[in-house]
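# Coordinates in review
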Amino acid sequence: MENLLSENWNFESKHATAEALQRWRDRCSVVKNPKRRFRFTANIPKRNEASEMRKTNKEKLRIAVLVSKAAMHFVKGVHLTDYSVPKEVEAAGFQICADELASIAEGHDVKKLKTHGGAHGIAAKLATNPSTGLPTGADALNRRQQIYGINKFEEVQSRSFWLFVYEALHDMTLMILAVCAFFSLIVGIATEGWPGGAHDGLGIVASILLVVFVTATSDYRQSLQFKDLDKEKKKISIQVTRNGYRQKLSIYELLPGDIVHLAIGDQVPADGLFLEGFSVLIDESSLTGESEPVIISDENPFLLSGTKVQDGSCKMLVTNVGMRTQWGKLMATLTEGGDDETPLQVKLNGVATVIGKIGLFFAIVTFAVLVQKIFVRKLQDGTTLIWSGDDALELLEYFAVAVTIVVVAVPEGLPLAVTLSLAFAMKKMMNDKALVRHLAACETMGSATSICSDKTGTLTTNHMTVVKSCIGMTVSDVVPGKQQQLPGPAVEVLLQSIFNNTAGEVVVNEEGKREILGTPTETAILEFGLSLGGDFHMERNTCKLVKIEPFNSTKKRMGVVLELPDQGGLRAHTKGASEIVLAACDKAIDSNGEVVPLDDASRDYLTETIDQFANEALRTLCLAYTDLENGVSADEAIPSSGFTCIGIVGIKDPVRPGVRESVALCRSAGVTVRMVTGDNINTAKAIARECGILTDDGIAIEGPVFREMSLEQLQEVIPKIQVMARSSPLDKHTLVKHLRTTFNEVVAVTGDGTNDAPALHEADIGLAMGIAGTEVAKESADVIILDDNFSTIVTVAKWGRSVYVNIQKFVQFQLTVNIVALVVNFSSACLTGSAPLTAVQLLWVNMIMDTLGALALATEPPNEALMTKTPVGRKGNFISAVMWRNILGQSLYQFFVIWFLQAYGESVFKLDGCSNSCLILNTIIFNTFVFCQLFNEVNSRDMEKINVLEGILGNNVFVMVLGSTVVFQIVIIEYLGTFANTIPLTLVQWFVCVFIGFLSMPIAAGVKKYIPMDS
């Protein structure tokens, strides 16, 4: 079975091609209900439609750019002549309508934009201020919303419960049974009258309706869970200025006229116009499929919703929102494209197909044997050509039994059990601060053998403070509230560097309190500057910002160029990785505040200071400046040498509580944890030892050394790497790629920056940080860690293992029922000429093993024992030897029991001479069979442990399913005999049935103990 599945039903968990998605669908045969089987899979036609839309957008934008370039020659002197403001727009206080704004953005219409006065002219017509943003009065915002719409996309309406009922009725076998029931009613009433002749037909109808409503209820609840998770996925916040205050807003609250602040890694939340900014590069591939980034400037100010900021930062004026944007129209189609199916879904579709074919063969043979019995009897009676109503009813009953064998044999619930388990796990993981974006990640995480984790914010708290500094060649501790004694000239240039060379900002919030915005590193340095008595706004207003080079993970530094006051010339400031910035310096500020040459002794002193800070697990940054005598052009990079070292700061970022325990748990679970960071190697090693990542037999390596290694060296070194410091995004990508391909590991990778996207994309499971992560990183990730905590990653791994094991339990349980039901009905038909289980009874058994079994077993919560086993890895067998042992052990026991009851049941229960002995015996067989399945369901809670009752009361769903099944079984036997072909049993008979079922538990324990298997 495993070889067959590996050969034909293997499927990549990420980046599956359209051909691969279609291939396994084509292999699926014996599908009872395509609408249900393929519900939680990718909608290939809708995806093709979205792809065509991207091509159209690309062509539209290409033409728009060409037209706008041509229009630039004729723009001068153009006046607004043919545009008139609609009355309702003017009455609301605006001077431009939504359609006009949409035509400017969609057509990149520079000519039209100029006639409206450019971006600032549009801002005036939208009644907004580029500096203070929109006023926040509720009436004004509502009025704006009525004119321009809201920033939401049209979504597919959620399905009602009755639609799920309708889809459940599309089951081919249930439709055939319904036809059988119809004919059974007609023939039964014609021959036996009402109501006696209607019992068989009505019994089948009632069973069909029960199956349909239970199935629909389960599917409906599942869809609601996915809907809740989809809402969480779409929660994106953005920095906006409103009423003069900078604040975070949900993208769904944006309106035309809003002033949005964009930085590297942000997703553009609506169509808009560039107001001001530096070095802005936009990735439009999500909208157009074009990978070449677009430069945004005053000449090309059009920013499109759904695109990503690849570099730089800027202020944007929102012009179009929601369905008036190209992204809105594309999203409406993309949301219908669905998620890719998971490898387990595909594999279980394979299992369902293989078993379905076997079941179909057995059903046909069973029907043939039973029909042959009628013909032989009629041949002996000489009534071959004479057919009575009773004969027709018998033939219908046999046909219904054959169809029901197919119902039981085709495990349609297997692929759906995966989505049920995933939906349950995803909802629980959401409570544990992990948002799963792609279904496959949930199950793949359970197979992970390696985790490559960031340091900052994941292993550490990301609450940073400057605790040490070396300014003017003097090392001192930074104590809150205590003024540092520093030379005046050094403080002056230090504050100029801190407050100008930053991506952060110091603002006053609505409560009138000072607030620092920016990354934790920026916040720590700005806090340090304020503690020295600096004034952020005074420093920013003193100098004019000429050029910005945002932090780059390749260069490991950021820089600005300032125009100094009073014709003081241009000055470049840089800040970044200490050893890299220090290497670019040839001068330094000494203890007197004077600039002196950086001789070898001074350089060695500063290098030792960096190492000393790093060995104390401090993150170090060096600040430097240089005066530019020859100026700098917009296209020219900030110099990479000739700097004067201002000083070095040591930033404390404590290790998160519980990280050391989580790393130890991973190690016991056979998962290797590696730290990949851009920090200094000594800082990285100190933190790694504190976390328990770096051990005596592991190695720490620097990115530049790693990338110079040959393939042979990499193969030798990679298994031992536990820490990689000063790594670039390319180093991380290379490490992940080698672990996956060369060493066949299942790799999970964490990332928060835009440049982490390639590694997140390459990894089997990409884990983005929810707090520190950029939108680009989150888009590339499979799971978002909402609290940025490493311990949450371990929780995700635990849930992943739980999903995998739960599905294995359910498959073990369902295959046992499949095998027993098939062989019992087939062998009985061949040997006795009748089937012991009727159509109604088989439908009930099918519901126990399918919908109810999935509910009970696929929703088991994880336990600590899961993290004591080695991971399955990439090549693990899904249907393991342990499972086959349990399946065969239970199947053989159940065969023996039913054979024994059929052969000796009448004498054991002293039924000889009873008028309805056959009906009583068949009821006992049916009752015993059901209780065997119920106790086997309990056995399936753990495939290896003997004590399967441990923690059973902690799973309310399992107890509820088991209890309701028992109650309903009693009702069927005692009160629904006329419909279910059963008869009330005595207390002794009930006791024997339950006892025989219970015996399957000690037998399962014996099989586990005396037939050990390597798991």
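Residues numbered from 1 in each chain as written. Predicted model: local features only at pLDDT ≥ 70, side-chain atom pairs only at ≥ 80, totals over all residues. Heavy atoms only, no water.

This part takes up the overall build of the chain. Across its full length, the chain holds 38 helices and 26 strands. Along the first, second and third principal axes, the C-alpha set of the chain runs to 120 × 75 × 50 Å. Across the 1015 residues that make up the chain, the buried fraction comes to 56%. Long-range contacts, defined here as pairs at least 24 residues apart, represent 74% of the contacts in the chain between residues at least 6 apart. For the chain, the exposed surface amounts to about 42700 Å²; the carbon and sulfur share of it is 57%. (Helix = DSSP H or I, 4+ residues; strand = E, 2+ residues; numbered from the N terminus. Buried < 20%, exposed > 50% of the residue type's maximum accessible area, 1.4 Å probe, protein only. Contact = heavy atoms within 4.5 Å. Areas by Shrake-Rupley, 256 points an atom, 1.4 Å probe, with all protein chains shown as cover.)

This brings us to the packing of aromatic side chains. Any two aromatic rings considered together are summarised by their centre-to-centre distance and by the angle between their planes. Tallying each qualifying case throughout the model produces 17 aromatic pairs. Ring centres of Phe161 and Trp162 lie 5.3 Å apart, and the angle between their planes is 70°; this geometry places the pair in the edge-to-face category. Assessed through its relative accessible area of 21%, Phe161 is described here as partly exposed. Relative to Tyr904, the ring of Trp899 has its centre 6.0 Å away and its plane inclined at 90°; by these criteria the two rings are edge-to-face. Taken together, the ring pairs in this structure connect Phe161, Trp162, Phe164, Phe213 and Tyr220 into an aromatic cluster. When the ring centre of Tyr252 is taken as reference, the NZ or CZ atom of Lys152 above it lies at 5.8 Å. Positioned over the ring face of Phe958 is Arg941, at 5.6 Å from the centre of the ring. (Phe/Tyr/Trp six-rings, centres within 6.5 Å; stacked < 30°, edge-to-face > 60°. Lys NZ or Arg CZ within 6 Å of the ring centre and 35° of its normal.)

Turning our attention to the side chain of Ser917. Along the chain, Ser917 falls in helix 34 (residues 917-939). In this structure Ser917 comes out as buried when scored by relative accessible area, which is 13%. Residue contacts for Ser917: discarding those within four places in its chain leaves Glu906 and Leu911.

Of all the 11 residues making up helix 25 (residues 681-691), eight are buried; the element is thus mostly covered by neighbouring parts of the structure. If you check which residues of helix 25 are buried, you get Ile681, Asn682, Thr683, Ala684, Ala686, Ile687, Ala688 and Cys691. The inward-facing, buried residues of helix 25 contact helix 23 (600-615), strand 19 (618-628), helix 24 (659-668), strand 21 (672-676), strand 22 (699-702) and strand 23 (721-725). Backbone nitrogen of Asn682 and a side-chain oxygen of the N-cap are separated by 2.7 Å at the start of helix 25; the cap is Asn680. Backbone geometry just after helix 25 places Gly692 at a positive phi near 85°. (Polar contact = N/O pair within 3.5 Å; in protein donor to acceptor, adjacent residues only side chain to side chain.)

Turning our attention to a nonpolar patch on the surface. There is a patch of nonpolar side chains on the surface, built from Phe896, Trp899, Phe900, Tyr904 and Val908 and spanning about 510 Å² of accessible area. One can find Val908 in helix 33 (residues 881-908). For Val908, a relative accessible area of 45% puts it in the partly exposed group. (Patch = residues over 30% accessible without salt bridge, like charges linked within 9 Å, V, L, I, M, F, W, Y side chains within 5 Å. Salt bridge = Lys/Arg side-chain N within 4 Å of Asp/Glu carboxyl O.)

According to the stated counting rule, one finds 21 salt bridges in the structure shown. Between Arg726 and Glu579 there is a salt bridge, with the nearest N and O atoms lying 2.5 Å from each other. In this pair, Arg726 is assigned in the loop between strand 23 and helix 28 (729-741) and Glu579 in helix 22 (residues 578-583), connecting sequence segments 147 residues apart. By relative accessible area, Arg726 is classed as buried at 7%. With relative accessibility at 28%, the residue Glu579 sits in the partly exposed group. Residue Glu944 is joined to Lys869 by a salt bridge in which the shortest nitrogen-to-oxygen separation is 3.8 Å. Remark: Lys869 occurs in the loop between helix 32 (839-857) and helix 33 and Glu944 occurs in the loop between helix 34 and helix 35 (956-975); sequence separation between them is 75 residues.

Positive phi is not limited to glycine here, since Ala127 has a value of about 55°. Tracing the backbone through its elements, the reader meets Ala127 in the loop between helix 8 (118-125) and helix 9 (138-148).

This part takes up the environment of Arg324. Looking at the element boundaries, Arg324 is found in the loop between strand 7 (308-320) and helix 14 (326-334). Filtering out sequence-adjacent residues up to four positions away, Arg324 remains in contact with Ala98, Asp99, Ala102, Tyr148 and Asp271.

Of all seven residues that make up strand 15 (residues 557-563), six are buried, and the element is covered over most of its length. Note that strand 14 (residues 544-552) and strand 15 share six bridges and pair antiparallel. What sits directly across from Glu549, in strand 15, is Gly559. Between the end of strand 14 and the start of strand 15, which pair antiparallel, lie four residues, with Lys556 showing a positive phi angle near 65°. Bridge analysis of strand 15 against strand 16 (residues 570-577) gives seven bridges, and the strand direction is antiparallel. Residue Met558 lies in a different strand from strand 16, and its bridge partner there is Lys575. Between strand 15 and strand 16, which pair antiparallel in sequence order, lie six residues; one of them, Asp566, sits at a positive phi of approximately 55°. (Pairing = 2+ DSSP bridges.)

These figures come from the coordinates and say nothing about function on their own.
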